[in-house]
Amino acid sequence: AGWKEILNTSAGLLQQGGVIGVPTDTIYGIACLAQNSQSISNIYNVKGRNGTKPLAICVGDIEDIYRYCQVNVPDQLFRDLLPGPVTLVMERSDGLNKELNPYTSLVGVRIPDHAFIRQLAQICSEPLALTSANISTQESTLTVEEFRDLWPMLSLVVDGGPIGDLQSPECRLGSTVVDLSIPGKFTVIRPGW
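Here the residue index of a chain counts from 1 through its sequence in written order. For this predicted model, a pLDDT threshold of at least 70 governs which residues receive local features, and a threshold of 80 or more governs which side-chain atom pairs are given and counted, while totals over whole chains, interfaces and linings are taken from all residues. Excluding hydrogens and water, the side-chain values take into account all heavy atoms of the structure.

Description of the pairing of strand β7 (residues 128-132)
Counting buried positions over the five residues of β7 gives five, a clear majority of the element. For strand β2 (residues 28-33) and β7, the ladder comprises five bridges, and the chain directions are antiparallel. Bridge pairing links Ala31 to Leu130 in β7. When DSSP finds two or more bridges between two strands, those strands count as paired. Helix and strand labels come from DSSP, where a helix needs a run of H or I of at least four residues and a strand needs a run of E of at least two; each type is numbered from the N terminus. Where strand β3 (residues 56-58) and β7 come together, three bridges link them in antiparallel fashion. The residue of β7 that forms the bridge with Cys58 is Leu128. Buried residues are those whose accessible area, probed at 1.4 Å on protein chains only, stays under 20% of the maximum for their type, while exposed residues exceed 50% and partly exposed ones sit between those limits.

Structure (structure tokens):
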């Protein structure tokens, strides 16, 4: 019951344009609704991030990828990799908010292997814009305490406990980012966790 209440509260705050702190399978993130342009502006303000640096989207199910991306890889590849600690970069579709990453035709999409964030994306019925819970250029965070400086700017922080080994630098790498935008080719843009 508590889990459902937290999900519903989180979804309600996102619908109101809020930015929330969330656990993922790799590091803590901050999320907002990707289809809400004011929320996108808010998440950049929280991060102190350059507006030209793209945000990834998080969806709850593989089928959702087809709504927001132009897919040119076999469906089985998604099923082999997702959910998991990867961000797959593809051409965006017209179904995605044009004000999300307006300087590129590409978008990174994630389905983290973490029940909370996946269920949140499912009940919101639209993609979440997702980025690491830290000030831009600072170290990724593995506990909610590590991004305490951001709390006053967030509508809610969901504490999922420590993620990974706090002593291991590898645990702070985030997801592996793979470019699948060119048919028949893949490029690892960023090695990750």
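Observations regarding the side chain of Asn97
Of note, Asn97 is situated in the loop between β5 (86-92) and β6 (106-110). Pairs of residues are marked as contacts when any of their non-hydrogen atoms sit within 4.5 Å. Every residue in contact with Asn97, bar those within four places of it in the chain, is listed here: Ala34, Gln35, Asn36, Ser37, Ile40 and Arg92.

Structural notes on the UniProt feature "domain: YrdC-like" (unreviewed entry) in the chain
UniProt positions are given in the numbering used here, feature names are shortened, and annotations may be inferred rather than shown by experiment. As annotated by UniProt and renumbered to match this structure, "domain: YrdC-like" (unreviewed entry) occupies residues 4-193. Each end of residues 4-193 is marked by a C-alpha atom, and these two atoms are 29 Å apart; helix forms 25% of the span and strand 22%.

A short note on helix α5 (residues 115-124)
For α5, every residue scored as buried is listed here: Phe116, Ile117, Leu120, Ala121 and Cys124. Looking straight down α5, one finds that the buried residues subtend no more than 130 degrees of arc, so they occupy a single side. Positive phi shows up at Ser125, right after α5, with a value of about 60 degrees. Directions pointing from the helix axis toward each C-beta atom define the arc.

Describing the pattern of salt bridges
Within this document, salt bridges are pairs made up of a side-chain nitrogen of Lys or Arg and a carboxyl oxygen of Asp or Glu, the two lying within 4 Å of each other. Within the structure shown, the criterion is met by seven salt bridges. For Arg110, the salt bridge goes to Asp25, with nearest N and O atoms at 2.6 Å. Here Arg110, found in strand β6, pairs with Asp25, found in the loop between β1 (20-23) and β2; they are 85 residues apart in sequence, far enough to count as distant. On the basis of relative accessibility, which here comes to 5%, the residue Arg110 falls in the buried class. Residue Asp25 is classed as buried on the basis of its relative accessible area of 11%. Two residues, Arg79 and Glu63, come together in a salt bridge whose shortest N-O distance is 3.1 Å. Taken as a pair, Arg79 in helix α4 (residues 75-81) and Glu63 in helix α3 (residues 62-68) lie far apart in primary sequence, 16 residues in all. In this structure Glu63 comes out as partly exposed when scored by relative accessible area, which is 47%. Each of Glu63, Asp75 and Arg79 takes part in one network of salt bridges that share partners.

Digging into the layout of surface pockets
Within this scheme a cavity is a closed region of a 1 Å grid, computed over the protein atoms alone, that accommodates a 1.4 Å probe without allowing it to escape, whereas a pocket is open but has protein on both sides within 12 Å along at least five of seven lines; lining residues each have an atom within 4 Å of a point. Grid points are joined across faces, edges and corners, and a volume is the space filled by probe spheres set on the points. When its volume is computed, the largest pocket comes out at roughly 750 Å³. Counting only elements with at least two residues in the lining of the largest pocket, the list comes to β2, β5, β6, β7 and β10 (187-190). By residue number, the principal contributor to the lining of the largest pocket is β6, which donates four residues. Classification used: nonpolar for Ala, Val, Leu, Ile, Met, Phe, Trp, Tyr, Cys and Pro, charged for Asp, Glu, Lys and Arg, polar for all others including Gly. Class assignment of the residues belonging to the lining of the largest pocket gives a composition of 13 nonpolar, 16 polar and six charged.

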